[in-house]
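Fold and geometry: a report
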Amino acid sequence: MRKKRLMTRRQAIIAGLTSAGAFLLYGWLKKAPPTYGNILRMGDGLTYMAQRSLLSQRALAPEYQKSEITSFPVTDIGDPADPASNDAYSKEYEYLLRKNFEGYTLAIEGRVAKPRKYSLEELKKLGGRTQITRHTCEEGWSAIAEWTGVPLSTVLKDAGIFPDARFVCLYGFDKYGESIDMLDAFHPQTILAHTMNGESLPARNGAPLRLRVETQLGYKNVKFLRRIVVTDQFVDAASDISAGWSWYTGI
Ligand SMILES: Nc1nc2c(c(=O)[nH]1)N[C@H]1C(S)=C(S)[C@@H](COP(=O)(O)O)O[C@H]1N2
Ligand SMILES: [Mo]
């Protein structure tokens, strides 16, 4: 009688360990970054898995006081107000900039029930969030600014994303693109910013609309937004301008 009970307990422990192993393996697979398997993007593995395991998925990036706001260096690939400075700036952007973005729209398409275009006014009516955060560029500088914009989650919900949606690709008027996963897209500090330090976004900081994704390094913050595409599978939206950096670099 006693022996039988012991056996049962041992079996239970073995069964428990086996399923714990399976669970861990499953957990690991779920934390593998979407670039998994791409040799050039191997560095994503460590950061993605470590961050996704260690941090609460809702952890907020630090927010600062108005007195801590700093200036932003001019580090861009050219001045969008002077499209001749770089052919990445399209004629379309040049035209909109000259008209002070009258008639500008942001397109949202892909895995959404209502693909559509939003004017800036329509976006602003959806709601807003203001945050003073630190932008950290992978090239080694950082700067603090106050950003106001509409949460990306609000826009995604308004467009009616399908349950199979997994990634959000964001494209600028220049030849720049990035994709983020749904955790970053639905992060409360992930906003489409139209206002910087209380004034409409200056051209060089991404007018009329830029992404602020405070959980990621600088280059994920796509400026001059023109189009958002929701996908059900991983799309490495990085262009030749941004492709040199890891897909995922959580901070
Ligand atoms: N469309 C677009 N977005 C972009 C870039 C770009 O060249 N084009 N550069 C990225 C990089 S590397 C950084 S550090 C920030 C710089 O933002 P800032 O110009 O407001 O300082 O924008 C990011 N977003
Ligand atoms: Mo950057």
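Notes on the structure in this doc start here. (Residues numbered from 1 in each chain as written. Chains lettered and ligands numbered in written order. Predicted model: local features only at pLDDT ≥ 70, side-chain atom pairs only at ≥ 80, totals over all residues. Heavy atoms only, no water.)

Glancing now at the pairing of strand E5 (residues 167-172). Counted residue by residue, E5 has five buried out of six residues, so it is predominantly covered. In the sheet, E5 pairs with strand E6 (residues 177-181) via five bridges, with the strands oriented antiparallel. Looking across to E6, one finds that Phe167 is bridged to Asp181. Here E5 pairs with strand E10 (residues 225-231) via six bridges, running antiparallel. Of the residues in E10, the one forming a bridge with Tyr171 is Arg227. (Buried < 20%, exposed > 50% of the residue type's maximum accessible area, 1.4 Å probe, protein only. Helix = DSSP H or I, 4+ residues; strand = E, 2+ residues; numbered from the N terminus. Pairing = 2+ DSSP bridges.)

With respect to burial, strand E4 (residues 142-151) is a largely interior element, nine of its ten residues being buried. The pairing of strand E3 (residues 129-136) with E4 spans eight bridges and is antiparallel. Bridge assignment links Thr130 to a residue of E4, and that residue is Thr148. Linking E3 back to E4 in an antiparallel pair, the connection comprises five residues, with Gly140 at a positive phi of about 110°. Where E4 lies against strand E7 (residues 191-196), five bridges are found, and the strand directions are antiparallel. By the bridge assignment for E7, Val150 is matched with Leu192.

Right, let's get into the site of ligand 1. Around ligand 1, the structure places 19 residues, and the nearest of them are Asp174, Asn205, Arg210, Asn221 and Lys223. The separation between a nitrogen atom of ligand 1 and a polar side-chain atom of Asp174 is 2.7 Å. For ligand 1, the accessible surface in isolation is 530 Å², of which the surrounding protein chains cover 95%. A class-by-class count of the residues in the shell around ligand 1 yields nine nonpolar, four polar and six charged. (Near = heavy atom within 4 Å. Polar contact = N/O pair within 3.5 Å; in protein donor to acceptor, adjacent residues only side chain to side chain. Areas by Shrake-Rupley, 256 points an atom, 1.4 Å probe, with all protein chains shown as cover. Nonpolar A, V, L, I, M, F, W, Y, C, P; charged D, E, K, R; others polar.)

To continue, consider the sheet that holds E10. What holds strands together in a sheet is hydrogen bonding between their backbones, with the strands either parallel or antiparallel. Spatially, the five strands line up as an open sheet ordered E2-E1-E10-E5-E6, and their pairing is mixed. Two strands close off the open sheet at either side, each with one partner strand: strand E2 (116-119) and E6. Shown here is a sheet whose adjacent strand axes are inclined to one another by a mean of 20°, direction ignored. In this structure, strand E1 (residues 105-110) lies alongside E10, joined through four bridges in parallel fashion. When the bridges of E10 are listed, Ile108 appears paired with Ile228. Against the sheet, helix H5 (residues 152-159) makes contact with E1, E2, E5, E6 and E10, and its axis sits at roughly 135° relative to E2, the strand it touches most. (Axes fitted to C-alpha atoms, helices over the stretch in contact; angles between N-to-C directions. Contact = heavy atoms within 4.5 Å.)

What follows deals with the pattern of salt bridges. Applying the stated criterion across every chain yields a total of ten salt bridges. A salt bridge links Glu214 to Arg212; the shortest N-O distance between them is 3.1 Å. Taking relative accessible area as the criterion, Glu214 reaches 4% and is therefore assigned buried. The structure contains a network of salt bridges with shared partners spanning Arg116, Glu122 and Asp158. (Salt bridge = Lys/Arg side-chain N within 4 Å of Asp/Glu carboxyl O.)

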